[in-house]
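Architecture and fold: a report
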Amino acid sequence: MEVYNSINSIPLLPDSIVTIGTFDGVHIGHQKIIRSLVELAHQQKYESSILTFFPHPRMILQKDSSLKLINTINERSAIIKQTGVSNLIIHPFTKEFSRLTALEFVRDILVNQLHIKKIIVGYDHQFGRNRNATIDDLIEFGKTYDFEVIEITAQQLENVSISSTKIRNALNEGAVQTANNYLGYPFMISGLIVKGKGIGKTLAFPTANLKIKEDYKLIPKNGVYLVRSVIAKKEVFGLTNIGTNPTFGGIHKSIETHFLDYKNDLYNKNIRINFIKKIREEKIFDSKEALKIAIKEDEIFARDYLKINE
């Protein structure tokens with residue numbers, strides 16, 4: 001897959017079949033659309049291309065937006081790469097770009113730069129300045145510029161019944177299993193292991209403190225989660241605590257993982273954590289000993305759960 005960080009950086013492409021969207025989460029609904037794109041392109045010998053945007057349009061057009069994204073842009077790219085698409089264009093979304101008229105977008109970008117012969121979009125697709133053009137307008141443009149519009153019907157979308165918003169809501173409630181079912185893969189967070197306060201060591205449960213550089217990345221609700229990582233090519237399971245360490249009077253959120261069967265130093269290593277299941281809510285314990293007992297119970301639960309679900 002070729003990745004382009006701007007429409008303007010694309011070389012002369014052969015005739016293409018294209019789909020457009022933000023694709024946050026690249027969930028199973030998105031995957032269904034992308035599979036159709038790839039299969040049709042293969043059958044008809046076209047290039048398959050995805051046009052997506054970053055930042056998310058809401059982040060630019062709604063300055064007070066508190067929107068958090070399911071994927072970082074690198075995660076989104078990696079997931080899309082697995083689908084077999086030929087080209088991924090990640091175009092910077094700006095206010096200037098948002099002011100393109102529907103005609104300018106279709107003529108200058110879809111036709112002149114992407115050389116589309118077919119485009120796959122949802123029945124409710126809107127585009128152009130103020131999103132005032134619809135799929136009917138796109139069909140009319142297709143007649144003028146000689147491309148076919150393939151519509152994903154309401155029924156097809158309802159059969160999937162998934163949206164990025166539903167997934168964000170599930171993660172905000174800590175329902176990672178629901179989110180994973182919608183995504184078709186485990187929700188993940190990635191970052192650098194940095195020095196923490198060392199509280200875990202004092203409890204005999206040392207933790208790796210994860211720092212995420214992308215401030216737009218959605219973090220699940222505070223609590224304790226069963227997670228999986230691959231470290232030095234080995235599968236490792238762990239307990240991740242998301243929260244403020246309220247038993248110790250903490251106020252700043254941290255993401256700390258106690259790996260069940262891994263003792264080596266992880267400082268300054270980049271780690272990806274895949275979420276499996278929420279174990280419990282974050283809570284304040286009466287004492288350090290009570291917290292140690294709770295963590296041990298979390299570990300017992302995790303090991304039993306993994307045995308049952310092997």
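For the structure itself, consult the block above.
Since this is a predicted model, take the numbers as computed values, not measurements.

1. Points about helix α11 (residues 288-308)
- Helix length check: α11, at 21 residues, gives a terminal C-alpha distance of 30 Å against a target of 30 Å (1.5 Å per residue), a fit within 8%.
- Buried within α11 we find Leu-291, Ala-294, Ile-295, Asp-298, Glu-299, Ala-302, Tyr-305 and Leu-306. One face of α11 carries all of its buried residues, which in axial projection span an arc of 145°. Residues of α11 that are exposed and angled more than 90 degrees away from the buried face: Lys-307 and Ile-308.

2. Comments concerning the packing of helix α8 (residues 164-172) against helix α9 (residues 176-183)
- Between α8 and α9, the shortest axis-to-axis distance is 8 Å and the interhelical angle comes to 160°. Between α8 and α9, the interaxial angle falls into the category roughly antiparallel. Note that α8 runs across α9; the crossing there is left-handed. Touching Lys-166, Ile-167, Ala-170 and Leu-171 of α8 are Val-176, Thr-178, Ala-179, Tyr-182 and Leu-183, all from α9.

3. Observations concerning the pattern of salt bridges
- Going through the model one piece at a time under the given rule, you end up with 14 salt bridges.
- Glu-281 serves as the salt-bridge partner of Lys-221, at 3.6 Å between the closest nitrogen and oxygen. Residue Lys-221 is found in the loop between β8 (208-211) and β9 (223-231), and its partner Glu-281 is found in the loop between β12 (270-280) and α11; the two are separated by 60 residues along the sequence.
- We classify Glu-281 as partly exposed; its relative accessible area is 40%.
- A salt bridge links Glu-299 to Lys-296, with the shortest nitrogen-to-oxygen separation between them at 3.7 Å. Separated by 3 residues within a single helix, Glu-299 and Lys-296 lie in helix α11, roughly one turn from each other.
- It is possible to trace a salt-bridge network through shared partners that takes in Asp-261, Lys-296, Glu-299 and Arg-303.

4. Looking at unusual backbone geometry
- Of note, the bond from Phe-54 into Pro-55 is cis; its omega dihedral lies within 30 degrees of zero at 0°.
- Checked against the element boundaries, Pro-55 lands in the loop between β3 (47-54) and α2 (57-61).
- Not every positive phi belongs to a glycine, and Phe-23 is a case in point at roughly 55°.
- Phi at His-115 is positive, roughly 50°, even though this residue is not glycine.

5. Details of the sheet that holds strand β11 (residues 254-259)
- Read around the closed barrel, 6 strands run β7-β8-β11-β10-β9-β12, paired in antiparallel fashion. Strand-to-strand twist in this sheet, taken as the mean axis angle between neighbours without regard to direction, amounts to 45°.
- With 5 bridges joining them, β9 and β12 adopt antiparallel strand pairing. Residue pairing across strands places Leu-226 opposite Lys-277, the latter belonging to β12.
- Sheet contacts for α9: β9 and β12; angle to β12, the most-contacted strand, approximately 120°.

6. Regarding the environment of Glu-235
- Here Glu-235 shows up in strand β10 (residues 234-243).
- A relative accessible area of 43% places Glu-235 in the partly exposed class.
- For the pair Glu-235 and Asp-261, spaced 26 residues apart in the sequence, the C-alpha separation amounts to 9.8 Å.
- Excluding residues that lie within four positions of it along the chain, Glu-235 makes contacts with Arg-228 and Ser-229.
- Looking at Glu-235, its side chain comes within polar contact range of the side chain of Arg-228, at 2.6 Å.

7. Looking at the pairing of strand β2 (residues 16-20)
- The element β2 is extensively covered by neighbouring structure, given that 5 of its 5 residues are classed as buried.
- Burial along β2 is two-sided: Ser-16, Val-18 and Ile-20 and Ile-17 and Thr-19, pointing in opposite directions, are all buried.
- Where β2 lies against β3, 5 bridges are found, and the strand directions are parallel. Each bridged residue has a counterpart across the sheet, and for Thr-19 the counterpart in β3 is Ile-50.

Cut-off values and rules
Residues numbered from 1 in each chain as written. Predicted model: local features only at pLDDT ≥ 70, side-chain atom pairs only at ≥ 80, totals over all residues. Heavy atoms only, no water. Helix = DSSP H or I, 4+ residues; strand = E, 2+ residues; numbered from the N terminus. Expected span 1.5 Å × (residues − 1). Buried < 20%, exposed > 50% of the residue type's maximum accessible area, 1.4 Å probe, protein only. Arc of directions from axis to C-beta. Axes fitted to C-alpha atoms, helices over the stretch in contact; angles between N-to-C directions. Parallel < 35°, antiparallel > 145°, perpendicular 65-115°, else oblique. Left-handed = near helix turned anticlockwise from the far one by under 90°. Contact = heavy atoms within 4.5 Å. Salt bridge = Lys/Arg side-chain N within 4 Å of Asp/Glu carboxyl O. Pairing = 2+ DSSP bridges. Polar contact = N/O pair within 3.5 Å; in protein donor to acceptor, adjacent residues only side chain to side chain.

Function cannot be read off these values alone, since they describe shape.
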